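Residues per chain, in single letters:
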Amino acid sequence: MNPTTPEDSLRVASQPKLRTLVADRLREAIARNRFPPGARLKERELCELLGVSRTSIREALRELEGEGLVSTQAGHPTVTVLSTKQVNEIYQVRVALEGLAARLFARQATDAHLAELEHATRALEAVVANFAVGPFLSAKTRFYDALFEGAGNAVAASMLRAIHTKVSLLRATSLASATRSEQSIKEIRAFVAALAARDEEAAYRLCVEHIENASSAAMAVLAQADEKQAHRA
């Protein structure tokens, strides 16, 4: 048997754990609006903030660019600014896939899945009582993880997580008001009640209504940003 040449080998020389950790930290910072849409991501500053090399920063930024969170503007990595058209398209796909997840959960989730979703919902309610964007986003991630697990469709879950990553560009600012967060948890509570009742049609309808309301909040954020930009021009 001929020895394997370096070009033919599929052996992994090292684990990309550091790049993954750096990408996770940057992804979270973007979701929490520490780096808002349009913000330039300067390698030197990121190196100091995260305590890692420029190589790790560049690898992580390439990963986030592949997800659509970062784009290159005038040769510099920048947090992506979504257009109204892009936001519309994102929420259209989210309605389709999340509505499917709602139907599947109502149809086939176990009692254990329901219990986890209930725990996640209570965690959301507790955060809303003392609202802060960061904890709210973390609690909502737990909620969706429980929903996707109970739906039992790994393909839909993977696609939805990618969509939620893009939604995070708007979510922190659209939820920045306690009023929207309180309304959001009311919508989610009604949705979970329909899931617990195994009412597939009601769960689907409430899921769609929640996403449409979230879309309206996101559009309001875009409109405010456009208005501010127009005043500066």
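For the structure, check the block above.
This one's a predicted model, so the numbers in the text were calculated from it and none came from an experiment. (Residues numbered from 1 in each chain as written. Predicted model: local features only at pLDDT ≥ 70, side-chain atom pairs only at ≥ 80, totals over all residues. Heavy atoms only, no water.)

Next up on the list: the pairing of strand E1 (residues 70-73). Pairing between E1 and strand E2 (residues 76-79): four bridges, direction antiparallel. The residue of E2 that forms the bridge with Ser-71 is Thr-78. Here E1 hands over to E2 after two residues, with Ala-74 in that stretch at a positive phi of 55 degrees. (Pairing = 2+ DSSP bridges. Helix = DSSP H or I, 4+ residues; strand = E, 2+ residues; numbered from the N terminus.)

Attention now goes to unusual backbone geometry. One non-glycine residue, Ala-74, lies in positive phi territory at about 55 degrees. With respect to the element layout, Ala-74 can be found in the loop between E1 and E2. For Ala-74, a relative accessible area of 78% corresponds to the exposed category. A positive phi angle, near 60 degrees, is found at Arg-198, a position not held by glycine. As for its placement among the helices and strands, Arg-198 is situated in the loop between helix H8 (178-196) and helix H9 (200-232). (Buried < 20%, exposed > 50% of the residue type's maximum accessible area, 1.4 Å probe, protein only.)

The next subject is the side chain of Ser-184. Mapping Ser-184 onto the fold places it in helix H8. Overall, the relative accessible area of 0% leaves Ser-184 in the buried class. For Ser-184, the contacting residues outside a window of four places in its chain are Phe-136, Lys-140 and His-210. (Contact = heavy atoms within 4.5 Å.)

Moving on, we come to empty space enclosed by the protein. Vacant regions in the atomic arrangement are exposed by a probe of water-molecule size rolled over the atoms. All chains considered together, the criterion is met by two cavities of 30 Å³ or more. There is about 30 Å³ of room inside the second largest cavity. Around the second largest cavity, the lining residues are Glu-98, Phe-143, Tyr-144, Ile-188, Phe-191, Cys-207 and His-210. Those elements that provide at least two residues to the lining of the second largest cavity are helix H6 (133-151), H8 and H9. Split into classes, the residues belonging to the lining of the second largest cavity amount to five nonpolar, one polar and one charged. (1 Å grid on protein atoms, 1.4 Å probe; cavity = no way out; pocket = protein on both sides within 12 Å on 5 of 7 lines; lining within 4 Å. Points joined across faces, edges and corners; volume = space filled by probe spheres on them. Nonpolar A, V, L, I, M, F, W, Y, C, P; charged D, E, K, R; others polar.)

Let us look at the packing of aromatic side chains. Going through the model one piece at a time under the given rule, you end up with two aromatic pairs. For the pair Phe-143 and Tyr-144, a centre-to-centre distance of 5.3 Å together with 85 degrees between the ring planes defines the contact as edge-to-face. Each member of the pair, Phe-143 as well as Tyr-144, carries the same accessibility label: buried. Looking at Arg-103, its charged tip hangs above the ring of Tyr-204, at a distance of 4.3 Å from the centre. (Phe/Tyr/Trp six-rings, centres within 6.5 Å; stacked < 30°, edge-to-face > 60°. Lys NZ or Arg CZ within 6 Å of the ring centre and 35° of its normal.)

Right, let's talk about the pattern of salt bridges for a bit. Summed over the entire model, instances satisfying the criterion amount to 19 salt bridges. Across the salt bridge formed by Glu-63 and Arg-19, the nearest N and O atoms sit 3.4 Å from each other. Residue Glu-63 is found in helix H3 (residues 54-67), and its partner Arg-19 is found in helix H1 (residues 17-31); the two are separated by 44 residues along the sequence. A residue is classified by how much of its surface remains accessible, and Glu-63, at 26% relative accessible area, is partly exposed. (Salt bridge = Lys/Arg side-chain N within 4 Å of Asp/Glu carboxyl O.)

A separate point is the environment of Ser-168. Take Ser-168: it is sitting in helix H7 (residues 154-174). Exposure remark for Ser-168: the relative accessible area of 9% places this residue in the buried category. Distance in space between the C-alpha atoms of Ser-168 and Ile-30 is 7.4 Å, their sequence separation being 138 residues. Look past the residues within four positions of Ser-168 in its chain and what remains in contact with it is Ile-30, Ala-31 and Leu-69. Side-chain polar atoms of Ser-168 contact the backbone oxygen of Thr-165, separated by 2.4 Å. (Polar contact = N/O pair within 3.5 Å; in protein donor to acceptor, adjacent residues only side chain to side chain.)

Any link to function would need more than the numbers given here.
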